[in-house]
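Listed here are the chains, written in short residue letters.
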Amino acid sequence: MASALLSPHATAQHSHALKVSVLGEDQNPVQGATITATYAGATVCNGVSDAAGQVVLTCAATPASAGAGGLDLQISRDGYVAATAHVTQQEEESGAAVEVTLSRAQTVQQNVTVAGSSESPLTETTSGAGKLPVEQAKASPLRPATLVDALPLVPGVVRTPDGRTQIGGLDESHSALLVNSVNVNNPATGGFGLSVPVDSVETLKVLQSPYLAQYGSFLTGVVNADTKRGGDKWDYDLNDPLPDFRIRSLHLVGVKDASPRLNVGGPLIKNHLFLAEGAEYLLDKSEVRTLPFPDDETVFNAFNSFTQVDALIGSRNSLTGTLHFAPHTLEYANLNYFDPEPVTPNADYQEDEGALTHRLALGAGELESTVAGIRDASNIEPQPSGDGLMQLTPTGNSGSYFDQQTREATRFQWLETWTPAPVGWHGQHMLQFGTVMGQAEDSGQVTNREVELYNPQGGLIRTISYQGNGIFDLKDIEGAVYGQDHWILNSHLAIDAGLRAETQSLTYTNRVAPRSGFTLTPTGDNKTVIRGGIGVFYDTVPLDTYAFESYPEQVITTYDGHGNITQGPTIYQNLLGTDSGPAFALVDRDVHSGNFAPYSIAWNVEAEHNFAPALSMRLRYVNAAARSQLTLTPESTATENANVLSGSGELNTHQTEFTARIGSQKLRQFFFSYVRQFARGDESDAASYLGDFPAPVIRQEIEASTPGEIPNRFLFWGLSTLPWKMRISPHIEYRDGFTWQPVDEFQNYVITPDDLQPRYPRYFSANVRMSKDLDVGSKHEIRLSITGINLTNHSNWLQVHNNIDDPLYGTFFGNYGRHFLLDFDFLH
């Protein structure tokens, strides 16, 4: 974020920090816009927007006698008509974010307000972003507590029944989660974990295959969140302070969930030091409808805190420090009909993230320096009351969970980003250069107990025992350097071009990722915009991949069902494969086990048209071919048996997306989307076996649709104000069901024809949330809300009998029917 230059005559006055965001029609940032603030005709401060389209202006405070006089802003770019915005004194002192977009109309100057917007397609990058309106998302029936909870409101993003986020049909471990430009994915597993409270988020974007070289460590998408800073006046909110209760047969049977959230912000030192704190306590007793009461609850407990301190150091420097502290526990993880309470594990987590960012204005450019660290510690263990060995049968499992593990993973990063002033040469060039240096570590121990498999008649058919202590200790060095150029050639065409080079020491590889895109405005009114791009993207390989060699090795013995051994005992070593397939020209790799470089070549094209200020539509197509993907499969030769973790997998995805925005006002706006999606390739147990809750059976690799593939999905949601201080937020979703895979009595996959991918029945849920604000005194309000879920009581099945030796094979069961929730917020 660029710091502004304070005018000389204002340096002796008290100042306010004013954040300005310059956006385009699709809500992408606009770099290189000049913002000048004046009071009573005199310039008090100015600045230039950075690559994020943002600038912090440190302006002289307007006199108290000026009332609502405030500041006048002029926003301009060469070749584009200037826009203006007016900021009242109250908005200036509260730290309100000014959001502006520019228009390229040739003769008409567009005036905007603090909440208004206009359009500037060529000043935006070609990396199309799905910007999620945070305030509308918080009011939706999803009732998100964290930023990740809100992501399913974005087209192409869903959450599978196990709680994992799927972007573009692929698991969250293939996407990057950035908070204030810092990657916060778990270094060991690649997962998102417990993200920051949604109340702390100012802007939230999901970029699928962004073509800017500044983004790395992903195959499919980037979730990019910027957090709020404290304002010039102290403010606080208390949201959802009372718990929801569970009622059965008209009797109160305890607390169902609770999510009180407290947000406090304001100046610690007036005009210089600001604090923002978002804290929440989360209790969720998720009822599993396929099990009998009272043994049907998965219990999640968390304290989630995000603290941000901003210091304005003179007119050219700013400093931002953040701390995310999130201990949480999960009892009876993955509880379901086939795995009742004794078979499930418990989990304790501690997630900590801290960052310090310094921004220095260099002329009309900016240098941004960040040091950051994350720590993810976990302890997974069976139920204390668990009895006996874990036993797997076609109709359900019993005994005690087989796996126990402790892990501590850390990553420390140093990021430097230089955004020079725009360069005029055959048009205008907005450049950015950056480096990333990081060190990651992963240490812990995995302990496994014996597992028994039985056939439908109750006969023992296999045992899996383990040998080895499972202790691992890994270190990894990660580095990247990039450069990118957003080149505006003329009034109709802009091109993005960039190059990123990166390395990861554990993989023994060096990688180069070229990317390019374009933005075209074929008409003079800028109502139609065409964009496209192509690029190469690399995954960061999670550290648990390299811990696998130290995991306990399986010893498999097969029986005939009557106590007689038919094969084994056979020891399966844990081996890392060596990628010796066809060379990819942009990857330099040593011949060494674990020399993995998962990559994707993706391209897209889209067209967007603004029919009116209150109606815009976009059609987008994305195609990606992922290669060298991690797979885990058992292999046998005449002399050796091993579970081999290799980089031989392939995934192919393509997605067509239609979206529409209806309404121009934030509090009266609705969104509709339809996504047609294909995501299919080599599926194995690599991610799950290396994750927190592995299954004991390592299955053979198959070709199938991914767990997150949704061929057809319709989504409608939004927010509208009503008379009498009321609001309504509908959420309607209709889609194909998730995939499932049949297995046999040995728990191995059963191969199905390509055109017969088993799926759950189609899903439909109509939800609505209504609220009313009640005045409590002159400065406070209470917001009462009622949320209705699955109003049509549609049968959205939760589980399926997927074992072909189960008499009920293919039967779906379990459903969350119509239900209602009450809550209230205390607003200041």
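Student: Would you mind going over the overall build of the protein chain with me for this structure?
Tutor: For the protein chain, the helix and strand inventory stands at four helices and 53 strands. Taking 28 Å as the expected radius of gyration for a compact globule of 828 residues, we find that the protein chain reaches 27 Å, a close match to that expectation. Reported as C-alpha extents along the three principal axes, the dimensions of the protein chain are approximately 95 × 65 × 45 Å. Across the 828 residues in the protein chain, those meeting the buried criterion constitute 58%. Here the contacts in the protein chain between residues at least 6 apart in sequence split such that 67% fall between residues at least 24 apart. When the accessible surface of the protein chain is summed, it comes to about 32,400 Å², and 58% of that surface belongs to carbon and sulfur atoms. Here the protein chain contributes 53 positive and 93 negative side-chain charges, whose respective centroids are spaced 9 Å apart.

Student: Explain empty space enclosed by the protein to me, please; I cannot follow it from the model alone.
Tutor: Where empty space is left becomes clear once a probe the size of a water molecule has been rolled over the atoms. Applying the stated criterion across every chain, the model contains eight cavities of 30 Å³ or more. Around the second largest cavity sit Gly 168, Gln 208, Ser 209, Thr 220, Val 622, Ala 624, Thr 653, His 654, Gln 655, Gln 677 and Phe 678, which together line it. Elements that contribute at least two residues to the lining of the second largest cavity include exactly strand 43 (615-636), strand 44 (641-665) and strand 45 (668-683). Among the elements that take part in the lining of the second largest cavity, strand 44 stands out by supplying three residues, more than any other. Here the residues of the lining of the second largest cavity sort into three nonpolar, eight polar and no charged.

Student: In this structure, what is going on with the pairing of strand 33 (residues 451-454)? I would like to understand it.
Tutor: Look at any regular strand and the pattern is simple: side chains alternate between the two faces of the sheet. Neither face of strand 33 is left uncovered, since the one carrying Val 451 and Leu 453 and the one carrying Glu 452 and Tyr 454 both have all their residues buried. As judged from the three bridges shared by strand 28 (residues 390-393) and strand 33, these two strands associate in the parallel manner. Among the inter-strand pairings, Met 390 is bridged to a residue of strand 33, identified as Val 451. Sheet topology places strand 33 next to strand 34 (residues 460-467); four bridges connect them, and they run antiparallel. Paired with Val 451 across the strands is Ile 464, a residue of strand 34. Between the end of strand 33 and the start of strand 34, which pair antiparallel, lie five residues, with Gly 458 showing a positive phi angle near 90°.

Student: Before we go on, may I ask you to explain unusual backbone geometry in this structure?
Tutor: When glycine is set aside, most residues are seen to have a negative phi, and most peptide bonds are trans. Following Phe 293, the chain continues to Pro 294 via a peptide bond in cis, the omega torsion being 10°. Along the chain, the position of Pro 294 falls in the loop between strand 23 (273-287) and strand 24 (297-313). For Asn 271, which is not glycine, the phi dihedral falls at a positive 70°. Relative to the helices and strands, Asn 271 resides in the loop between strand 22 (261-269) and strand 23. One non-glycine residue with positive phi stands out, namely Tyr 508, at about 55°. Along the polypeptide, Tyr 508 turns up in the loop between strand 36 (493-504) and strand 37 (509-520).

Student: Hey, could you run me through the packing of aromatic side chains in this one?
Tutor: Aromatic rings considered in pairs are described by the distance between their centres and by the relative angle of their planes. Across all of its chains, the model carries 27 aromatic pairs by this definition. An aromatic cluster is built from Phe 472, Phe 548, Tyr 551 and Tyr 689, whose rings are joined through pairwise contacts. Looking at Arg 699, its charged tip hangs above the ring of Tyr 749, at a distance of 5.0 Å from the centre. Cation over ring: Arg 735 sits above Tyr 763, and NZ or CZ is 4.1 Å from the ring centre.

Student: I keep staring at the nonpolar core and nothing clicks. Help me out?
Tutor: Looking at soluble globular proteins, one finds that nonpolar side chains tend to be buried together. Counting 33 residues, the largest nonpolar core has Val 451 and Tyr 551 as its most contacted members. At the level of elements, strand 28, strand 32 (428-448), strand 33, strand 34, strand 35 (471-488), helix 3 (544-547), strand 40 (565-576) and helix 4 (686-689) are the ones that each hand at least two residues to this core. When residues in this core are grouped by element, the largest group, three residues, is from strand 34. Residue contacts for Tyr 551: discarding those within four places in its chain leaves Val 446, Gly 470, Phe 472, Asp 544, Asn 574, Tyr 689 and Leu 690. Counting residues in each nonpolar core, the second largest holds 30 residues, with Val 179, Val 184, Val 196 and Phe 306 among its members.

Student: For this particular structure, what's the right way to read the sheet that holds strand 14 (residues 170-171)?
Tutor: Strand pairs in the sheet, formed through backbone hydrogen bonds, run parallel or antiparallel to each other. Taken together, the three strands give an open sheet; going across it, the order is 12-13-14, and neighbouring strands pair in antiparallel fashion. Edge positions in the sheet fall to strand 12 (157-159) and strand 14, since each of these pairs with one other strand and no more. As paired strands, strand 13 (residues 165-167) and strand 14 are joined by two bridges and run antiparallel to one another. Directly across from Ile 167, in strand 14, lies its bridge partner Leu 170.

What counts and what doesn't
- Residues numbered from 1 in each chain as written.
- Predicted model: local features only at pLDDT ≥ 70, side-chain atom pairs only at ≥ 80, totals over all residues.
- Heavy atoms only, no water.
- Helix = DSSP H or I, 4+ residues; strand = E, 2+ residues; numbered from the N terminus.
- Rg over C-alpha atoms; globule rule 2.2 N^0.38 Å.
- Buried < 20%, exposed > 50% of the residue type's maximum accessible area, 1.4 Å probe, protein only.
- Contact = heavy atoms within 4.5 Å.
- Areas by Shrake-Rupley, 256 points an atom, 1.4 Å probe, with all protein chains shown as cover.
- Lys, Arg positive; Asp, Glu negative; His and termini not counted.
- Charge placed at Lys NZ, Arg CZ, Asp CG, Glu CD.
- 1 Å grid on protein atoms, 1.4 Å probe; cavity = no way out; pocket = protein on both sides within 12 Å on 5 of 7 lines; lining within 4 Å.
- Points joined across faces, edges and corners; volume = space filled by probe spheres on them.
- Nonpolar A, V, L, I, M, F, W, Y, C, P; charged D, E, K, R; others polar.
- Pairing = 2+ DSSP bridges.
- Phe/Tyr/Trp six-rings, centres within 6.5 Å; stacked < 30°, edge-to-face > 60°.
- Lys NZ or Arg CZ within 6 Å of the ring centre and 35° of its normal.
- Core = buried A, V, L, I, M, F, W, Y, C linked by side-chain atoms within 4.5 Å.

Interpretation note: all reported values are geometric properties and have no functional meaning in isolation.
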